[in-house]
Amino acid sequence: MLKNFKSIITENKNLFSLLTVLIVSLIIGSLIVWINCSENILGHSYRDIYLYLIEALKFSGVNITGYDYVDFLSPLIPFLTSIAFRLNFVSVNSLFVITGIFYVLGVVGTYLLLKLRFDNTYSIFGAILYGSFTVNIMWAGNGSIDVPCVALSIWTLYFFIKAMKTNQKYFYLAFPLSVLTFFAKYTGAVVFAVMILYFLSQKDIFGTIKKYFKNIIGGALFGLLFMVTFFYYYLSNHIPFGFLNQAETISSTTTRSAFAIRKHKGNNLLYYFSNLPRYIYNPNHWVGIILLIICMVGIVYALYRFSKVLKESYGVMDSKVGFNYDTNGFWDNIVGKFKIPKSIFYVILFASIVGMCLSFFIAGKVSFVKCEILFFICIFIFSLTFNKVLLSFNENNKFKYEFFTYDLMMIGWFMGHMIFLSAHLTKVDRYATAFAPALAFFITFGLSFICEKLKDYKIKSVSLKHIIPTICVILLLIMSFSYLGVNKHDSLVNNEQDTVTWLEGHDPNLSSAVIWADRGPIFTWYLQKEVHYVTSKENSSKFSSEMLANNTKYYISQYQNLSIPQYKEVKQIGEVSVYQKV
């Protein structure tokens, strides 16, 4: 019986591995959503979530004036939430459930993406590792759009690689998903650059273009159909394209302008690198440090192999190097006529590496757009040159390096986000979710290298190659479930809800009253009417005049005992105070 069960698992190991990841992610994802729905978590640090809720209300047909700037927000998640609102599930829980689903999709997608590179054991480890990152658990299923965007980018790249490796029809999934990634969060546009990098880093560029041209165009056109839907909404409602506005804003805050220096006091380019242990596991940074050491072991090994490939290939390559691949195609024959001296070829290769490094260190001094362009041009040149070196190496060695384009894609994915985020003067920890899948890959790579070196060592006939990843997965699960016990409750939410209840009982004409508030978006969501968002108060007299000029009846503040001419404090509930016009 036991032997039959083992044979069934062995024969269907891919299915059982996928089910394992799916079940684990469903359990963790469900617990995250349940905890977030049960506790009042959207307090001090979650203003943006209420903006998404307001946008969802507007999508569902609720007329809210004064918050036109929410139209500039990424629309996908609010749009999906508005569908639940139209079905009478008008609750913050709807947003929690929708974003929680994307957490599960992200973990499962990570497993499938890693499975293209590693075996089942390491792929399971990498997926569970990604799902257990503190930065992911913290921001999953709570209404933020970061985790959904990353989940869609994972599936985009998975289907894009599948299209190039197995069946080109997957392009018709990859391109629509890339569009949805973009509209889930505009910074998800990095996925387009990563897709292009993977495509162009194939060893025979012209042969690749010829082979995939038809279905690439077809998939891209199919993706445009999804984009047209959003553009139609923007144009029909006379809404400017939000991504253009955001790009301009971000670009202006990634340079050392006088205003930026005064406001942000410099730019710490190493902020996200220095906080990697905390993103991996916040309660105990040593866990993150150990995993990063494993990652560094893999990177050091990769650099050693890289130097060995360069050294061995230099001796066997021709004195002049061309960029043709002996396919006898039209373009290949033309390119084959142009050759450069081997020494210059290697100079170009090393110059591309220098350029990639430089693109990060000049971030913040020039526009992030220029940094990103420099990086992706340099990494493309690197792929172009190293592919020739690798071809020579593989022809003369038993060891074959078959995953160059995949590994390069992960480098591009990680650094593409890291350059953009580091250039941005505003540093927010949840943005680290963007490079979390690539970080999980590098740690998995390091673990796989270590375990492969220990594969001949066994405990009761079981290789350490399988024992170590299994133990790591168990420890990661323990970490995940322990972190779920962190208290997220914020009493400010109760204070604000009680304030709304008091106002509704205090004033029967509240629907027509003009209300201003320090946390305007929150009270706009609760009252489903415009509550003016107070962003600054220079002095009480001027502030009072502004409110009186707008016939403001109530001002809801986070500060008690304020002296505001012609307004008096009529109610104080915890951290919230209500001031009414006298």
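Provided above is the structure to which this section pertains.
Since this is a predicted model, take the numbers as computed values, not measurements.

Caption draft 1: Region of the structure containing the packing of helix α9 (residues 171-184) against helix α11 (residues 205-236). α11 packs onto α9 with a crossing angle of 35 degrees between their chain directions and a minimal axis gap of 8 Å. For the crossing formed where α9 meets α11, the hand is right-handed.

Caption draft 2: The arrangement of the pairing of strand β9 (residues 576-581) in detail. Burial analysis of β9 places 5 of its 6 residues in the buried class, the great majority of the element. Bridging between strand β7 (residues 552-557) and β9 involves 4 bridges; their strand directions are antiparallel. Paired with Ile 556 across the bridge in β9 is Val 578. Note: strand β8 (residues 567-573) against β9, 6 bridges, orientation antiparallel. Within β9, the position partnered with Lys 568 by the bridge is Gln 580. Counted between consecutive antiparallel strands, the loop separating β8 from β9 contains 2 residues, among which Gly 574 sits at a positive phi close to 60 degrees.

Caption draft 3: Fine view of a nonpolar patch on the surface. Together, Ile 8, Leu 15, Phe 16, Leu 19, Leu 22, Ile 23, Leu 26, Ile 27 and Phe 481 make up a nonpolar patch on the protein surface, roughly 740 Å² of accessible area in all. With 7 residues, the single largest contributor to the nonpolar patch is helix α2 (residues 13-38).

Caption draft 4: Spatial organisation of helix α18 (residues 342-361). The end-to-end C-alpha separation of α18 is 29 Å, in line with the 28 Å expected for 20 residues at 1.5 Å each. Those residues of α18 lying buried are Lys 342, Phe 345, Tyr 346, Leu 349, Ser 352, Gly 355, Met 356, Ser 359 and Phe 360.

Caption draft 5: Representation of the nonpolar core. In this structure, Phe 160 and Phe 386 are the most contacted members of the largest nonpolar core, which totals 154 residues. Counting residues per element, this core draws most heavily on helix α8 (residues 146-165), at 14 residues. Residues Val 500, Leu 510, Val 531 and Val 578 belong to the second largest nonpolar core, which totals 14 residues.

Caption draft 6: Region of the structure containing unusual backbone geometry. The phi torsion at Gln 528 lies on the positive side, around 50 degrees, for a residue other than glycine. When you line up the elements, Gln 528 lands in the loop between α24 (520-527) and β6 (532-533). Given the relative accessible area of 34%, Gln 528 is considered partly exposed. Residue Asn 551 is not a glycine yet carries a positive backbone phi of 55 degrees. Within the secondary structure, Asn 551 is located in the loop between α25 (540-549) and β7.

Caption draft 7: Region of interest: the environment of Phe 386. With respect to the element layout, Phe 386 can be found in helix α19 (residues 368-395). On the accessibility criterion, Phe 386 (3% relative accessible area) is buried. C-alpha separation for the pair Phe 386 and Phe 350, spaced 36 residues apart in sequence, amounts to 9.9 Å. Leave out the neighbours within four places in its chain, and Phe 386 touches Phe 306, Val 309, Leu 310, Leu 349, Tyr 401 and Phe 404.

Caption draft 8: The packing of aromatic side chains, seen in detail. Per the stated rule, a full pass over the model turns up 44 aromatic pairs. Note on Phe 118 and Phe 441: the rings are 5.8 Å apart at their centroids and 40 degrees apart in plane angle, and the pair reads as tilted. In this pair, Phe 118 is assigned in the loop between α5 (92-115) and α6 (120-132) and Phe 441 in helix α21 (residues 436-453), connecting sequence segments 323 residues apart. Per residue, the accessibility class of Phe 118 equals that of Phe 441, and both read buried. For Arg 430, the ring lying beneath its charged end belongs to Trp 139, and the centroid distance is 5.7 Å.

Caption draft 9: Representation of the sheet that holds strand β5 (residues 514-517). If you walk across this open sheet you meet the 5 strands as β6-β5-β7-β9-β8, and the pairing is mixed. Since the sheet does not close on itself, it has two edges, and those belong to β6 and β8, each with one partner. Bridge count for β5 against β7 is 4 bridges, and the pairing is parallel. Bridge assignment links Ile 515 to a residue of β7, and that residue is Tyr 554.

The rules behind each value
- Residues numbered from 1 in each chain as written.
- Predicted model: local features only at pLDDT ≥ 70, side-chain atom pairs only at ≥ 80, totals over all residues.
- Heavy atoms only, no water.
- Axes fitted to C-alpha atoms, helices over the stretch in contact; angles between N-to-C directions.
- Helix = DSSP H or I, 4+ residues; strand = E, 2+ residues; numbered from the N terminus.
- Left-handed = near helix turned anticlockwise from the far one by under 90°.
- Buried < 20%, exposed > 50% of the residue type's maximum accessible area, 1.4 Å probe, protein only.
- Pairing = 2+ DSSP bridges.
- Patch = residues over 30% accessible without salt bridge, like charges linked within 9 Å, V, L, I, M, F, W, Y side chains within 5 Å.
- Areas by Shrake-Rupley, 256 points an atom, 1.4 Å probe, with all protein chains shown as cover.
- Salt bridge = Lys/Arg side-chain N within 4 Å of Asp/Glu carboxyl O.
- Expected span 1.5 Å × (residues − 1).
- Core = buried A, V, L, I, M, F, W, Y, C linked by side-chain atoms within 4.5 Å.
- Contact = heavy atoms within 4.5 Å.
- Phe/Tyr/Trp six-rings, centres within 6.5 Å; stacked < 30°, edge-to-face > 60°.
- Lys NZ or Arg CZ within 6 Å of the ring centre and 35° of its normal.

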